[in-house]
Amino acid sequence: MGEGRRPVRFGVLGPLLVTDGSGQWLRLRGDRQRSLLAMLLFNANTHVPVERLVDALWPDLPPKSYASNLHTYLSRLRERIGPCITRTGGGYRIDVDHDDLDLLVFTTEAELGRRAVRAGDPVAGARHLRTALAQWRGHPLADLQLPALDADVTRLAAERLTVFEDCLAAELDAGRDAELVGELETAVAEHPLRERLTALLMTALRRAGRQAEALEAYRRTREILVEQTGVEPGAELRAVHAEVLRGEAEPAASTRPVYQLPADIADFSGRDRELDELVDLLTTGCSPVVLSGQPGVGKSTLAVRLAHRLRGEFPDGQLYVHLAGASNPRAVDAALADLLRTLGVTGPAVPDDLEAKAAVLRDRLADRRVLLVLDDAADPAQVRPLLPGTPSSAVIVTSRQRLSGLAGAHRVDVEPFTDAEAGRLLARIAGERVTGGPADAARIAAACGNLPLALRIAGTRLALRPQLGIGTLADRLEDEVRRFDELTVSDLQVRSSLALSCRALSPAARETFWQIGMVDLYSLPAWAIEMLRPGADAAVEELVESSLLRPAGVDGMGQARYQIHDLVRAYARELAFTEDGVDERRAASHRLVDAALALVDLAARRLPRTAPLPDLGQGVPAVPLDEATTRRVLADPDAWFATERPVLVQGIGVLCRVRRYRMAWLLLERFARYLWLHGHYADLRTCAVAIAEAPDESVAVRANALLALLAHVRGQYTEAVRRYRWCARRLVGPADQQALGWVRTNLADCLVGLGEPEESLRLVASAEPLLFTDEFGLASMLRVKSGALNRLGRLRESVRINEGALAKARSSGSPRRVALALQSLAWSLALNGSLDAAVVAADEAVSLLRSTTAGSSLARGLRTLGAIRAGRGERGAAVAAFEEGREIARKMNERPRVLSCTRAIAASWVGVGRAEEAVPELHTCVREYREMGSLSSATVTLRLLATAYDALGEGDAAGSARAEADRLADPRDANAETLYSLLVNLTRT
């Protein structure tokens, strides 16, 4: 393209591809716009008449406005790709540099390759021809239906096959014989009527000393030709057949450097950092490098890309050996013989003894700079005889095994793609449909576990099936039952790739793999695997060595942990339910769940009780537990929960999927003690939503009570009340009484916030006899009762209740209970006007809470302390308390406390000349309080807003705010009136 224009690259040998200078996809909207570009690109740098473009875009009947439509499409194309499209007489032309269009590269490189072969340089010729073939990403314009180019596409496909044959012929002339056999056999199977391919295969087999197989190849092809076409093989194939029968001697092997690498993948994506690090390793003498990883992670593709990048560093050749370790491991003796023949050692010069062959290989590679790629090694024994003896050459090994026994190797674990790399690969394969639907593309990548093989299959399916919606494919892949059926295209299958690794396992390792699949967790500690399958250490090591299980180091509790990739886990789960022994595996998984429940119960009972939920009641049935694990839990239950938290959340979800809802609830009601303490409300909600689907109403109602509580703390008062009432109507059995007491207490607390203190008092009165054995519950009930009395102006009763509650709390010895009682008392004292006593109580409450992990209670305590200090005229200390409280509440997503602290901070701005900033903030608070249904809080905020308007001299706005506050106010609500009188001090200068 011309100077100063954006460097844009185009691809038509596959789905239509347009990328900018950084390699990012450029999205083109509409099939006609893309079809127009395809027409121009297929005729790049030449004039295309308007009539031909119109016929292509509207093959049936063009619209009357076709001229303006065509002009619009061209204008939009120029906006996206730059001014490379120009008007030329009665048509248009696109100017594209040779390197910026894959079709031009293919045509030019194919011609250069053929010229080199004619000039007697088959090595250079093969190199050019491979470059030409590497431009192809699939069927030309696979994502477009463009009948006008059907003939061109058919011609191109035929030309590609001819270039492929020319390339193989050149590589045979260059001395690459045995290594081509597999590629030729595949090609002959795909194109059984192409006689030249069979001739090339027979030549390669003959040169490799496999005359019988060469004759068998001829027989099969002749049989197919006669049966399907009624004709005998042509002269070229018959001539090769005659040569094989005569056993004619082969010409001497080429003395040129041998380059056996498979073609690089044109749509290779990602791995930039890994490639740079590997290049540094191999150019600084670090060899062999072993690339290991799970099936489908892209080890071979990475090795081939790496080897191509290193070609200049190894001018004496690049050898490639496919060792087939995952399927049918190739005999080392045969691999050595092929390597020696490739290096010019033929006939009697190839020793019979394995060690002798290895010695000759080391001799041939001595002091030469050769790169050897050993792909898909089965084990160290298959690799050792193939290693050079001098450091001038380098070796790249790929394997599903870690090859731990290969001494001196530098091991690199090839991991699945990052989210960004996965998105780029999908886009490169499937085109702009992916960039146009990023959310669905992300779902596809997640379902594929960012595994390159799975991503390539999914992308290819999208590219080959334009009618398949990206959202539809995402939906199908998210269904674990059909996921592996969807991840299949042509000969690429994720399931078969994983099956190769699984079949190679020992029976013990295979059973352990299935057992892990039955549990269906992505991360497991060593003790859990031991619980599933006692004495499984050797099996676990084998799974790690096979890259089916990944060691994740030692967690914060000193336990070894293992992780399993999502797709590998899904495959293990599929086998767990289809292979013999399902009942035994299910029993083992139940033992693990029972053990997990016992540990969660052990840990929960050693944490302080802070959640307004029923007590745990009786303990769980005794289960034999690992002694070391039990000690870790008892030593630091909080740290144990922190370590196991993600797995427990996932495990509760798994239990719900298999309809073990009651067990899921037993885990959650214990786990909730930790989650509530640390404000992990999102995890609580995730678990409760899943359990709420239980068909057993006694389980579902408890999960709904927890969902009501979560709505409550987030200020969703209307939703909380609705759920509380629904639960209260269903908790009617003898075993439900304590739960009913808690639901009524929490509902009463919610109604205080909604300005309904009378019903609140009736509810706590009915809850009290239900909680008489639960001291923590009674203390919570008394705090709610105090809040209701405050709203009704019965302040002396409130103080008396709180003083009694504080005395009981101090006798309990629990700092948290004391702090909560002090906090409630402090506010009652403040409402009574005893600010000096109130600040002492509030200070002590905050001090006690700082030594705990009760973030929610601390935020509430700081808010109370801030209001009392504001009433005492201590602006700086008050604002500091509100700011700290707001920060804690934000982290915990407790919206009511965030709002109350924000309101106070905005009020303080009025007092320092920032009333203009305070007004919009206070308006926001009023709106959100109204949405919550908290009219009392809205009343206080409106009065502060009026004060802000006064400071700005806007009397009408101030009057309107006060009038609205008066309309909403409850004259009995001492709480609101006193809170305003305290906070208004912050507005004064």
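Residues numbered from 1 in each chain as written. Predicted model: local features only at pLDDT ≥ 70, side-chain atom pairs only at ≥ 80, totals over all residues. Heavy atoms only, no water.

If you check an unreviewed UniProt entry, the chain appears there as SARP family transcriptional regulator from Actinophytocola xanthii. UniProt's Sequence similarities (unreviewed entry) comment on the chain is quoted here verbatim: "Belongs to the AfsR/DnrI/RedD regulatory family." (UniProt positions renumbered as here; feature names shortened; annotations may be inferred.)

**Q** Can you help me understand the overall build of the chain in this one?
**A** A tally of helices and strands in the chain yields 46 helices and 16 strands. Seen along its three principal axes, the alpha-carbon backbone of the chain occupies a region of about 115 × 80 × 50 Å. Across the 989 residues in the chain, those meeting the buried criterion constitute 56%. Here the contacts in the chain between residues at least 6 apart in sequence split such that 69% fall between residues at least 24 apart. When the 124 basic and 129 acidic side-chain charges of the chain are each reduced to a single mean position, those positions are 5 Å apart. (Helix = DSSP H or I, 4+ residues; strand = E, 2+ residues; numbered from the N terminus. Buried < 20%, exposed > 50% of the residue type's maximum accessible area, 1.4 Å probe, protein only. Contact = heavy atoms within 4.5 Å. Lys, Arg positive; Asp, Glu negative; His and termini not counted. Charge placed at Lys NZ, Arg CZ, Asp CG, Glu CD.)

**Q** Can you help me understand the sheet that holds strand β3 (residues 48-49) in this one?
**A** Sheet strands pair via backbone hydrogen bonds, and the direction of the pair is either parallel or antiparallel. In spatial order, the strands read β3-β5-β4; together these 3 strands make up an open sheet with antiparallel pairing. Two strands bound the open sheet, and with one partner strand each, they are β3 and β4 (85-88). For β4 and strand β5 (residues 91-94), the ladder comprises 4 bridges, and the chain directions are antiparallel. Bridge pairing in β5 places T86 opposite R93. Here helix α1 (residues 31-42) sits on the sheet and contacts β3, β4 and β5; the angle it forms with β5, its principal contact strand, is near 75°. (Pairing = 2+ DSSP bridges. Axes fitted to C-alpha atoms, helices over the stretch in contact; angles between N-to-C directions.)

**Q** Whenever I open this one, the layout of surface pockets confuses me. Can you help?
**A** When its volume is computed, the second largest pocket comes out at roughly 760 Å³. Forming the walls of the second largest pocket are 33 residues, and the residues nearest its centre are T131, A134, Q135, D264 and A266. The dominant element in the lining of the second largest pocket, judged by the number of residues it contributes, is helix α5 (residues 122-134), at 6 residues. The residue inventory of the lining of the second largest pocket, partitioned by class, reads 14 nonpolar, 8 polar and 11 charged. Of the domains in this structure, domain 1 (9-157) and domain 3 (258-413) are the two that each give at least three residues to the lining of the second largest pocket. (1 Å grid on protein atoms, 1.4 Å probe; cavity = no way out; pocket = protein on both sides within 12 Å on 5 of 7 lines; lining within 4 Å. Points joined across faces, edges and corners; volume = space filled by probe spheres on them. Nonpolar A, V, L, I, M, F, W, Y, C, P; charged D, E, K, R; others polar. Domains from an automatic or database assignment.)

**Q** Sorry if this is basic, but what is going on with the sheet that holds strand β15 (residues 550-554) here?
**A** Strand order in this open sheet of 3 strands is β14-β16-β15, and the pairing throughout is antiparallel. The open sheet has two edge strands, β14 (523-525) and β15, and neither has a second partner. Strand-to-strand, the axes of this sheet are offset by a mean angle of 25°, without reference to chain direction.

**Q** I tried to follow the pattern of salt bridges on my own but got confused; where do I start?
**A** A side chain of one charge can pair with a side chain of the opposite charge if their charged atoms are brought near each other. Summed over the entire model, instances satisfying the criterion amount to 72 salt bridges. Two residues, D583 and R586, come together in a salt bridge whose shortest N-O distance is 3.6 Å. Here R586 and D583 lie together in helix α27 (residues 582-604), a separation of 3 residues that amounts to about one turn. Residue E894 is joined to R897 by a salt bridge in which the shortest nitrogen-to-oxygen separation is 2.8 Å. Judged by relative accessible area, R897 falls into the buried class, the value being 10%. (Salt bridge = Lys/Arg side-chain N within 4 Å of Asp/Glu carboxyl O.)

**Q** Got a minute to help me understand the domain arrangement of the chain in this structure?
**A** By the assigned domains, the chain splits into domain 1 (9-157), domain 2 (177-246), domain 3 (258-413), domain 4 (419-483), domain 5 (505-667) and domain 6 (894-988). Computed from C-alpha atoms alone, the centre-to-centre distance between domain 2 and domain 3 is 29 Å. Summed over both sides, the interface of domain 2 with domain 3 buries roughly 400 Å², with 39% coming from carbon and sulfur. For the pair domain 2 and domain 3, the interface holds 0 salt bridges. The interface formed by domain 2 and domain 3 includes 0 residue pairs in polar contact (both at pLDDT 80 or more). (Buried area = accessible area lost by both parts, 1.4 Å probe. Polar contact = N/O pair within 3.5 Å; in protein donor to acceptor, adjacent residues only side chain to side chain.)

**Q** What should I look at first to understand unusual backbone geometry in this one?
**A** Peptide bonds are trans in most cases, and residues, glycine excluded, mostly fall at negative phi. Following S287, the chain continues into P288 via a peptide bond in cis, with omega recorded as 0°. Here P288 lies in the loop between α11 (272-283) and β7 (289-292). For A324, which is not glycine, the phi torsion reads 55° and is therefore positive. Examined against the element boundaries, A324 turns out to sit in the loop between β8 (317-322) and α13 (332-342). On the basis of relative accessibility, which here comes to 11%, the residue A324 falls in the buried class.

**Q** I'm lost on the packing of helix α34 (residues 737-753) against helix α35 (residues 757-767) in this one. Help?
**A** Geometry of a packed helix pair, given as the angle between the helix axes and the separation of the axes. The geometry of α34 relative to α35 is characterised by a closest axis approach of 8 Å and an angle of 165° between their N-to-C directions. Here α35 runs roughly antiparallel to α34, going by the angle between their axes. When the axes of α34 and α35 are compared, the crossing they make is left-handed. For the pair formed by α34 and α35, the contact residues are G741, R744, T745, L747, A748, D749, L751 and V752 on the first element and E759, S760, L763, V764, S766 and A767 on the second. (Parallel < 35°, antiparallel > 145°, perpendicular 65-115°, else oblique. Left-handed = near helix turned anticlockwise from the far one by under 90°.)

**Q** I'm lost on a negative patch on the surface in this one. Help?
**A** Together, E530, D537, E541 and D626 give the surface a local cluster of negative charge. For D537, a relative accessible area of 59% gives the class exposed. (Patch = residues over 30% accessible without salt bridge, like charges linked within 9 Å, V, L, I, M, F, W, Y side chains within 5 Å. Areas by Shrake-Rupley, 256 points an atom, 1.4 Å probe, with all protein chains shown as cover.)

**Q** Honestly, the side chain of R791 in this entry has me stumped. Any pointers?
**A** Residue position: R791 is located in helix α36 (residues 775-791). Owing to a relative accessible area of 9%, R791 belongs among the buried residues under this scheme. Once residues lying within four places of it in the same chain are set aside, the contact partners of R791 are V752, G753, G755, P757, S936, R972, D973, A974 and N975.

**Q** Help me understand the nonpolar core in this model?
**A** In this structure, I444, F513, F641 and L668 are the most contacted members of the largest nonpolar core, which totals 245 residues. Residue contributions to this core peak at 12 residues, all from helix α32 (residues 697-713). In this view, F513 contacts C502, L505, L543, L548, I564, V568, Y571 and A572; residues no more than four positions away in its chain are not counted. In this structure, L41, W136, V153 and L201 belong to the second largest nonpolar core, which totals 74 residues. (Core = buried A, V, L, I, M, F, W, Y, C linked by side-chain atoms within 4.5 Å.)

**Q** Whenever I open this one, the packing of aromatic side chains confuses me. Can you help?
**A** Think of a pair of aromatic rings as described by two things: how far the centres are apart, and how the planes are tilted against each other in angle. The full count for this structure, using the stated rule, is 9 aromatic pairs. A network of ring pairs unites the aromatic residues W640, F641, F671 and Y674 as a single cluster. One cation-aromatic arrangement involves R160 over W136; the distance from NZ or CZ to the ring centre is 5.5 Å. Sitting over the face of the ring of Y259, R311 holds its NZ or CZ atom 3.7 Å from the ring centroid. (Phe/Tyr/Trp six-rings, centres within 6.5 Å; stacked < 30°, edge-to-face > 60°. Lys NZ or Arg CZ within 6 Å of the ring centre and 35° of its normal.)

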